[in-house]
Amino acid sequence: MIRPDTNPTLWLMRRALRRYATLVATSLRPGAIVRPRPRHLLTRGALLLAFPPFWLYHTVGLALDEVLFRGYRRTPVTSPVFILGVPRSGTTALHAALAEDGQFTTFRAWECVFGVSVTWCRFWAAVGRLDRGLGAPLVRLRRLAERRLFAGLDDTHPVRADAPEEDYLVLLPVLWCFVLVVPFPDAGWLWRFAAFGEALDRDERAALGGFYRDCLRRHLHARGDGRRLLSKNAAFAPLTDTLLTLFPDARIIACVREPARALSSQLSCLEPSLRVCHGDYDSGAFNARLAARFAGYYDHLFAALGRTAPGTAVFLPLPAQRTRMAASVRRVYALLSLPLSPAFEARLDALDGRARTHRSRHRHDAGDGDAFTATLSPTARQFDYTATVPIPAHELADHRRTA
């Protein structure tokens, strides 16, 4: 019998086929958020047709790991650094900055989607070396495709195959990746994942935690070279307790932003993709569901990190990044006892200038932010989101808004 706690990969890969069947059914019948329309069924149909070969590709790679690279099981994930928070709070900019520190290894976008297994990661790395030896024709073709396909995301979340990326994408083969809520907003189990500990049963939590831990081990085995893991996931706030259980020596940097602004920015970012996938949709129903999940993100993050010991976690308000990136990063490293090399310290001045001069072209209206803020816990409501310094999580009670 396959158990979620002893063989989480196989348990989840088998369950993914059942969830796939539910996605097919969901796409064909009216839901609370979208109604099937022939033109937009093509968009979702293309994704559904792509999943079986995608699933098989990763199943083969993960199976080959158990034959060719079983050493990944013995690879420790020692003192990883997790960038958490909420979407649209500066996690991407911080991740890009810290990824330049040579002590870290982090997932690149292509690894998240095509290199989850050691087998495929090393295969594509070898293809990349061969391509460079031939003058990099595949790299040029890839960059052309990126400009054509992802140019519209440059103002919100730029996509580049070799850029640092959120490793929650490694959950795509098992269909537990929350990004799928955009093409399939009526799949209730995707919304359950956004609540994680509150909504998933014990087997699901055990399997997802074990699978994610093994994905990090695989990455370190294939690409780590003894470096410390750096991970960024703006959607992992509900998993904070799980991460601290799986990795007791982890360090956490929680990026936060004034709640109403963060929510409105996220809704604004998602709206064009939702229109492409569905045409007209019930924006009120979708926005209400996302707002409820956002409130859960804030509440869980503050509750979980407020219980941590000194030196474990730190909150980084968005103004601290935008106005004092270099000083904030130095302070974060000091609070979390992370070594700061002379090379990276010298690099911080350039990163600071980049943060100060960056001006997002993305515009959004916070609307009735008071109504959303009122749904948050008192700790989340009273936090000082205007602070320009990192705030140790164990000192959370001392950093409340005074006005």
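None of the values given here were measured: they were computed from a predicted structure. (Residues numbered from 1 in each chain as written. Predicted model: local features only at pLDDT ≥ 70, side-chain atom pairs only at ≥ 80, totals over all residues. Heavy atoms only, no water.)

## Observations concerning the overall build of the protein chain
This is how the line gets drawn: The way it works is that DSSP assigns letters per residue, a run of H or I at least four long becomes a helix, a run of E at least two long becomes a strand, and they are numbered from the N terminus. Each residue is placed in one exposure class: buried if its accessible area under a 1.4 Å probe, protein chains only, is under 20% of its type's maximum, exposed if it is over 50%, and partly exposed if it falls in between. Here, residues are in contact when the closest pair of their heavy atoms is within 4.5 Å. We get accessible surface area from the Shrake-Rupley algorithm with a probe of 1.4 Å; when it comes to residues, only the shown protein chains can shield them. A positive count includes Lys and Arg, and a negative count includes Asp and Glu. His and the chain ends are not counted in either. By convention, the point assigned to a charge is CZ for Arg, NZ for Lys, CD for Glu and CG for Asp.
Helix and strand counts for the protein chain come out as 15 helices and 6 strands. In terms of its C-alpha atoms, the protein chain occupies a principal-axis envelope of roughly 55 × 50 × 45 Å. For the protein chain, the proportion of its 403 residues judged to be buried stands at 51%. The long-range fraction of contacts in the protein chain, counting pairs at least 24 apart against all pairs at least 6 apart in sequence, stands at 78%. Here the protein chain has roughly 18300 Å² of accessible surface; of this, 57% comes from carbon and sulfur atoms. In the protein chain, the 54 positive side-chain charges and the 37 negative ones have mean positions that sit 4 Å from each other.

## Side note on the environment of Val60
By secondary structure assignment, the location of Val60 is in helix H2 (residues 38–68). In this structure Val60 comes out as partly exposed when scored by relative accessible area, which is 37%. On a C-alpha basis, the gap between Val60 and Ser117 in space is 9.1 Å, while along the polypeptide they are 57 residues apart.

## Points about the packing of helix H1 (residues 8–28) against H2
Under the convention used in this document: In this analysis an axis means a line fitted to C-alpha atoms, helices contributing only their contacting stretch, and an angle means the value between N-to-C directions, from 0 to 180 degrees. Should an angle lie under 35 degrees it is considered roughly parallel, over 145 roughly antiparallel, and from 65 to 115 roughly perpendicular; all remaining angles are considered oblique.
At a minimum axis distance of 11 Å, the contact between H1 and H2 shows a crossing angle of 170°. When the interaxial angle is binned, H1 and H2 end up roughly antiparallel. Side by side, H1 and H2 meet where Thr9, Met13, Ala16, Leu17, Tyr20, Leu23, Val24 and Ser27 of the first sit next to Leu41, Arg44, Leu48, Leu49, Phe51, Pro52, Trp55, His58, Thr59 and Leu62 of the second.

## Points about the packing of aromatic side chains
Our working rule: Two rings belonging to Phe, Tyr or Trp (six-membered ring only in the last case) form a pair when the distance between their centres is within 6.5 Å. Interplanar angles under 30 degrees mark stacking, angles over 60 mark edge-to-face geometry, and anything in between is tilted.
Under the definition given, this model contains 20 aromatic pairs. Ring centres of Trp176 and Phe193 lie 5.7 Å apart, and the angle between their planes is 45°; this geometry places the pair in the tilted category. Taken together, the residues Trp176 in the loop between helix H6 (137–150) and helix H7 (188–195) and Phe193 in helix H7 connect sequence positions 17 residues apart. With respect to burial, Trp176 and Phe193 carry one shared label: buried. Relative to Phe315, the ring of Phe302 lies with its centre 4.8 Å away and its plane at 20°, an arrangement referred to as stacked. Of this pair, Phe302 sits in helix H11 (residues 283–305) while Phe315 sits in strand E5 (residues 313–317), and the two are 13 residues apart along the sequence. Comparing Phe302 with Phe315 shows no difference in burial state: the two are buried.

## A closer look at empty space enclosed by the protein
Keep this limit in mind: Cavities and pockets are defined on a 1 Å grid built over the protein atoms alone: a cavity is a set of grid points where a 1.4 Å probe fits but cannot escape, while a pocket is an open set with protein on both sides within 12 Å along at least five of seven lines, and lining residues are those with an atom within 4 Å of any such point. Grid points are joined across faces, edges and corners, and a volume is the space filled by probe spheres set on the points. Under the grouping applied here, Gly and all other residues not named as nonpolar or charged are polar, the nonpolar ones being Ala, Val, Leu, Ile, Met, Phe, Trp, Tyr, Cys and Pro and the charged ones Asp, Glu, Lys and Arg.
As enumerated under the stated definition, the model contains 1 cavity of 30 Å³ or more in all. Estimates place the volume of the largest cavity at around 60 Å³. Residue lining of the largest cavity: Leu171, Phe193, Phe196, Leu208, Gly209, Tyr212, Phe236, Leu239, Thr242, Leu243 and Leu246, and that is the complete set. Listing elements by their share of the lining of the largest cavity, those giving two or more residues are helix H8 (202–224) and helix H9 (240–246). Of the residues that constitute the lining of the largest cavity, the class distribution is 9 nonpolar, 2 polar and no charged.

## Describing the pairing of strand E1 (residues 81–85)
We count it as follows: One requirement defines pairing of two strands: DSSP has to find at least two bridges between them.
Across the 5 residues of E1, 5 count as buried, placing the element largely inside the fold. Of the two faces of E1, the one lined by Val81, Ile83 and Gly85 and the one lined by Phe82 and Leu84 are each fully buried. Pairing of E1 with strand E3 (residues 228–232), which is carried by 3 bridges, proceeds in the parallel orientation. The partner of Val81 across the bridge, within E3, is Leu230.

## Topic: the pattern of salt bridges
Under the convention used in this document: Just to be clear on terms, a salt bridge is a Lys or Arg side-chain nitrogen sitting within 4 Å of an Asp or Glu carboxyl oxygen.
In this structure the tally under the stated criterion is 16 salt bridges. The partner of Asp162 in a salt bridge is Arg142, with the nearest N and O atoms 3.6 Å apart. You can see Asp162 sitting in the loop between H6 and H7 and its partner Arg142 sitting in helix H6, a full 20 residues away along the chain. Judged by its relative accessible area of 40%, Asp162 falls in the partly exposed class. Taking relative accessible area as the criterion, Arg142 reaches 26% and is therefore assigned partly exposed. Across the pair Arg330 and Asp349 runs a salt bridge whose closest N-O atoms are separated by 3.7 Å. Note that Arg330 is positioned in helix H12 (residues 318–335) and Asp349 in helix H13 (residues 342–357), a separation of 19 residues in sequence. Of the residues examined, Arg330 reaches a relative accessible area of 28% and is grouped as partly exposed. Overlapping salt bridges, with partners in common, bring together Asp65, Glu66, Arg70, Arg73 and Arg218 in one network.

## Structural notes on H8
Keep this limit in mind: To estimate how far a helix should reach, multiply one less than its number of residues by 1.5 Å. Distance and chemistry together define a polar contact, namely a pair of N or O atoms within 3.5 Å, with one atom able to donate a hydrogen and the other to accept it when in protein, and with adjacent residues in sequence counting only for side-chain atoms on both sides.
Counted at 1.5 Å a residue, the expected span for H8 with its 23 residues is 33 Å, and the 31 Å between its end C-alpha atoms agrees. Capping of H8 at its N-terminal end is provided by Asp201; its side-chain oxygen lies 3.1 Å from the backbone amide nitrogen of Asp203.

## Quick look at the nonpolar core
Side chains of nonpolar character tend, in soluble globular proteins, to be buried together. Basically, it comes down to this: Residues belong to one nonpolar core when they are buried, are Ala, Val, Leu, Ile, Met, Phe, Trp, Tyr or Cys, and are joined through side-chain atoms within 4.5 Å.
Ranked by internal contacts, the top residues of the largest apolar core, which has 89 residues, are Leu171 and Phe315. No other element matches the 10 residues that H11 contributes to this core. When sequence neighbours within four positions are dropped, the list of residues in contact with Phe315 reads Ala254, Val256, Leu301, Phe302, Leu305, Phe383, Pro390, Ile391, Ala393 and Leu396. If you look at the next biggest cluster of nonpolar residues, it comprises 24 residues, including Leu98, Leu316, Val329 and Leu336.

## Quick look at unusual backbone geometry
Positive phi values are uncommon outside glycine, yet Leu175 reaches one of about 60°. With respect to the helices, strands and loops of the structure, Leu175 is situated in the loop between H6 and H7. Backbone geometry places Ser337, a non-glycine residue, at a positive phi of 55°. Turning to its location among the elements, Ser337 is positioned in the loop between H12 and H13.

## Let's talk about the layout of surface pockets
Put simply, the second largest pocket is a space of about 360 Å³. In terms of lining, the second largest pocket is formed by 19 residues, of which the most central are Asn7, Thr9, Glu66, Tyr72 and Arg73. When residues of the lining of the second largest pocket are traced back to their parent elements, those giving at least two are H1, H2 and H8. Sort the elements by how many residues they give to the lining of the second largest pocket and H8 lands first, with 6 residues. Considering only residue class, the lining of the second largest pocket consists of 7 nonpolar, 5 polar and 7 charged.

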